[in-house]
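Read off the chains here:
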Amino acid sequence: MHSETRQGERTLRGRIEVVCGSMFSGKTEELIRRLRRAQFAHQTVEIFKPAIDTRYSEEDVVSHDHNTIRSTPIESSDSILLLSSEIDVVGIDEAQFLDMGLPRVCNELAGRGVRVIVAGLDMDFRGEPFGPMPQLCAIADDVTKVHAICVRCGALAYVSHRKVAGERRVMLGETQEYEPLCRECYKTVNS
């Protein structure tokens with residue numbers, strides 16, 4: 001995003017945009033759409049994802065619909081600062097898997113004039129806030145909550161229900177392991 005000073009010079013205005021919701025809600029699709037628009041506008045773009053996310057590709061960000069965009073896998077949020085100099089737009093996918101330093105990193109980037117677009121699950125399979133996402137939503141200039149459709153009743157989904165046994169908070173999976181459920185169906189399944 002650009003603005004003009006009184007002298008007509010163009011300056012970047014940093015901002016943080018968060019796209020959140022349950023699994024299968026289109027978070028990564030929306031992230032890719034925004035990043036592609038920035039690339040079309042000749043802005044320099046860098047995309048990051050947690051190295052742990054190897055479901056479709058070790059390097060690319062890939063949506064459930066198999067749309068892809070090249071990314072850089074990272075182990076920690078501080079790597080983003082090291083790898084994003086001279087960048088107009090930074091995209092971050094699966095932010096819930098990154099460390100709690102991510103909000104600080106995003107604030108620093110926005111302070112430098114970078115547009116930061118973050119996508120991630122806002123809640124885990126238990127319906128609890130997930131990783132740095134609550135803090136990111138709090139500091140964001142814009143939050144977009146996207147919704148999947150409940151596979152049981154067709155209402156807007158509330159949470160990603162885990163269909164397989166396990167208490168580990170992080171378990172990578174797809175439709176065999178997770179399903180989007182509305183609040184009522186989630187309550188029924190877990191009662």
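Everything below is about the structure shown above.
Residues numbered from 1 in each chain as written. Predicted model: local features only at pLDDT ≥ 70, side-chain atom pairs only at ≥ 80, totals over all residues. Heavy atoms only, no water.

**Student:** Honestly, the nonpolar core in this entry has me stumped. Any pointers?
**Tutor:** Soluble globular proteins tend to pack their nonpolar side chains together in the buried interior. Of all hydrophobic cores here, the largest spans 23 residues; its most connected members are Ile-80 and Ile-92. Mapped onto this core, the elements with two or more residues apiece are strand 3 (15-21), helix 2 (78-83), strand 8 (89-92), helix 3 (102-111), strand 9 (115-121) and helix 4 (133-139). Here this core takes 5 residues from helix 3, the largest share from any one element. Ignoring sequence-local partners within four residues, the contact set of Ile-92 consists of Leu-31, Phe-48, Ile-80, Leu-98, Leu-102, Cys-106, Val-116, Ile-117, Val-118 and Ala-119. Within the second largest apolar cluster, 10 residues are counted, among which are Val-19, Leu-35, Ala-119 and Val-146. (Core = buried A, V, L, I, M, F, W, Y, C linked by side-chain atoms within 4.5 Å. Buried < 20%, exposed > 50% of the residue type's maximum accessible area, 1.4 Å probe, protein only. Helix = DSSP H or I, 4+ residues; strand = E, 2+ residues; numbered from the N terminus. Contact = heavy atoms within 4.5 Å.)

**Student:** When you look at the pattern of salt bridges in this model, what are you seeing that I'm missing?
**Tutor:** Close approach of charged atoms allows side chains of opposite charge to pair. The tally for this structure, following the rule as stated, stands at 12 salt bridges. A salt bridge links Glu-17 to Arg-15; the nearest nitrogen and oxygen atoms lie 3.0 Å apart. Given a relative accessible area of 5%, Glu-17 falls into the buried group. Of the charged contacts in the structure, one is a salt bridge between Glu-108 and Arg-112, with a shortest N-O distance of 3.0 Å. The exposure class of Glu-108 is partly exposed, given its relative accessible area of 35%. (Salt bridge = Lys/Arg side-chain N within 4 Å of Asp/Glu carboxyl O.)

**Student:** What am I meant to see in the pairing of strand 3 here?
**Tutor:** For a regular strand, side-chain orientation follows a simple rule: the groups alternate between the two sheet faces. Along strand 3, 7 of the 7 residues are buried, which leaves the element largely enclosed by surrounding structure. Side chains Arg-15, Glu-17, Val-19 and Gly-21 project from strand 3 onto one buried face, and the interleaved Ile-16, Val-18 and Cys-20 project onto a second face that is buried too. Of the strand pairs in this sheet, strand 3 and strand 9 are connected by 7 bridges, and their pairing is parallel. Looking at the pairing, Arg-15 lines up with Arg-115 of strand 9. Sheet topology places strand 3 next to strand 10 (residues 142-146); 5 bridges connect them, and they run parallel. Bridging from a neighbouring strand, Val-19 pairs with Thr-144 of strand 10. (Pairing = 2+ DSSP bridges.)

**Student:** What is the right way to look at helix 1 (residues 27-40) in this model?
**Tutor:** Given 3.6 residues per helical turn, the α-helix brings residues three or four places apart onto the same face. For helix 1, spanning 14 residues, the distance from its first C-alpha to its last is 20 Å, which sits close to the expected 20 Å at 1.5 Å a residue. Lys-27, Thr-28, Glu-30, Leu-31, Ile-32, Arg-34, Leu-35 and Ala-38 are the residues of helix 1 that are buried. Where helix 1 ends, the next residue or the one after it, His-42, has phi of about 65°, a positive value. (Expected span 1.5 Å × (residues − 1).)

**Student:** How do you make sense of the packing of aromatic side chains when you look at a structure like this?
**Tutor:** The geometry of an aromatic ring pair comes down to the distance between the two centres and the angle between the two planes. The tally for this structure, following the rule as stated, stands at 2 aromatic pairs. A ring pair is formed by Phe-97 and Phe-130, whose centres lie 6.0 Å apart and whose planes are at 85°; its orientation type is edge-to-face. Taken together, the positions of Phe-97 in the loop between strand 8 and helix 3 and Phe-130 in the loop between strand 9 and helix 4 put the pair 33 residues apart, joining distant regions of the chain. For the residue pair Phe-97 and Phe-130, the accessibility class agrees, reading buried in each case. Sitting over the ring of Phe-125, Arg-162 keeps its end group 3.7 Å from the ring centre. (Phe/Tyr/Trp six-rings, centres within 6.5 Å; stacked < 30°, edge-to-face > 60°. Lys NZ or Arg CZ within 6 Å of the ring centre and 35° of its normal.)

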